[in-house]
Amino acid sequence: MANYKNTNKRGRSDSRKPSGGRSGARMNAKTKKAEKPSKPLQSKAQKTQRAKKPDIPQSSEHNQIIQWYPGHMTKTKRRMEKDLKLVDAVAEIIDARIPVSSRNPDLASLTSGKPRIVLLNKCDMADSRATAKWVEHLNTENVRAIPVDCKSGRGVDKFAPALSALLHDRIESYKAKGMVNPTMRVMIVGIPNVGKSTFINRISKKNKAVSADRPGVTRGNQWFTVAKGFEMLDTPGVLWPKFEDQTVGERLAFTGAVKSDVMDTELLAVRLLDLLRELKTPEFKDRYKLTEDDLTLQSYELLERIARSRGMLISGGEPDTERAAYTLLDEFRAAKLGRITLELP
Ligand code: G4P
């Protein structure tokens, strides 16, 4: 199969990624942003004041993100409901760094209780002890959780055995009814950017699409073999994140799952520093040459400290906190500040 994302880009790219989308709400958010001066002039005192009161004053912008999805929701939901009828199980991909914020809480009802595999993806960037806790927490009779790193492929080989264990009873009941070699089907679902295409591309490299347009199968759907007796739909279901809680939106922005340019980058960095200051990973401290005393600073002052330690200064020797904020977020997303999980079970 060709690269999934390339195939998809021609048809549905806007429904898949908030970062590349062009919905009305999104455009409004961008236009609104463009009307503002790119960097409002503020005194150091004003900035420090703001840092000391980190109740993020961006609710209207935050609402813009919330409203980004509805246009796609109905269509996506309808398509997913149709596809779900064709499968025996659902594999939900979530981000191991934010297993709560990257899940869609409506999935269980959407899938009407179908057996599920939860793939904790990007575990190369998450704290391995936290991932182990999550695996234990998520495993139930109807759910199997496995940590994976789809970029390198680590853990992906556990998918088929997990599917087999999850569907064991169902397979046996088909066999008892006289079905020889029943084929079980699974569909991939997840919010944008969790790694659905990466996973599908990785699995599909080894296993070519086997059939299309069979009786009972929606026209155009392609399936490929995951293992003997298991097929996977090549089109993932795109779920929408839930933004009701502001911290969810922030965490999705920290990891890059939603584009952060509708939020104030410095404020987002300050919020991230609130967490990093507590976690104190050696990589974070070493990278910005931070002492224990530095970690007691208010988060905005800490951002200033980081700007100085990186030589990011503007005229007059003031720290360039905006540049430092972009750098901090980029380096967090690239796991240069350590393997960090922001949510624990
Ligand atoms: P989606 O279909 O769910 O929207 O996600 P997609 O596969 O496009 O993956 C989103 C980004 O996450 C990609 O990075 C991808 O490489 C990266 N990614 C996916 N799985 C893993 C993983 O297990 N570990 C790590 N570290 N990264 C992963 P990108 O920057 O958008 O593109 P690129 O780096 O592939 O060029």
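Described below are features of the structure shown in this document.

A closer look at the nonpolar core
Here is step 1: One finds Ala 89, Leu 119, Leu 120, Leu 163, Val 186 and Leu 303 to be the most contacted residues of the largest nonpolar core, which totals 70 residues.
Here is step 2: Broken down by element, this core gets its largest block of residues, six residues, from helix H12 (residues 265-279).
Here is step 3: Residue contacts for Leu 119: discarding those within four places in its chain leaves Ala 91, Glu 92, Ile 93, Ile 146, Val 148 and Phe 199.

Some details on helix H8 (residues 159-166)
Here is step 1: Along H8, the positions that sit buried rather than exposed are Phe 159, Leu 163 and Leu 166. Projected onto a plane normal to the axis of H8, the buried residues spread over an arc of 65° and lie on a single side. Turned more than 90 degrees off the buried face of H8, the exposed positions are Pro 161 and Ala 165.
Here is step 2: Summarising the contacts, the buried residues of H8 are in contact with strand E1 (89-95), strand E2 (116-121), strand E3 (143-147), strand E4 (184-190), strand E6 (222-227) and strand E7 (230-233).

Regarding helix H15 (residues 321-333)
Here is step 1: Over its 13 residues, H15 extends 18 Å from the first C-alpha to the last, a length consistent with the 18 Å expected when each residue adds 1.5 Å.
Here is step 2: Those residues of H15 lying buried are Thr 321, Ala 324, Ala 325, Leu 328 and Phe 332. Projected down its long axis, H15 shows its buried positions confined to an angular sector of 105°, all on one face.
Here is step 3: Positioned one or two residues after H15, Ala 335 has a phi angle of 60°, which is positive.

Some words on the packing of H12 against H15
Here is step 1: Following both chains from N to C, one finds H12 and H15 inclined at 55°, their axes separated by 8 Å at the closest point. Here H12 lies oblique to H15, going by the angle between them. Crossing of H12 against H15: the hand is left-handed. Contacts between H12 and H15 involve Thr 265, Glu 266, Leu 268, Ala 269 and Leu 272 from the former and Thr 321, Glu 322, Ala 325, Tyr 326, Leu 328, Leu 329 and Phe 332 from the latter.
Here is step 2: Within the contact of H12 with H15, the residues separate by chemical class into eight nonpolar, two polar and two charged.

Parameters at a glance
- Residues numbered from 1 in each chain as written.
- Predicted model: local features only at pLDDT ≥ 70, side-chain atom pairs only at ≥ 80, totals over all residues.
- Core = buried A, V, L, I, M, F, W, Y, C linked by C-beta atoms within 7 Å.
- Buried ≥ 20, exposed ≤ 12 C-beta atoms within 10 Å, placed from the backbone.
- Helix = DSSP H or I, 4+ residues; strand = E, 2+ residues; numbered from the N terminus.
- Contact = placed C-beta atoms within 7 Å.
- Arc of directions from axis to C-beta.
- Expected span 1.5 Å × (residues − 1).
- Axes fitted to C-alpha atoms, helices over the stretch in contact; angles between N-to-C directions.
- Parallel < 35°, antiparallel > 145°, perpendicular 65-115°, else oblique.
- Left-handed = near helix turned anticlockwise from the far one by under 90°.
- Nonpolar A, V, L, I, M, F, W, Y, C, P; charged D, E, K, R; others polar.

Any functional reading would require information beyond the geometric quantities listed.
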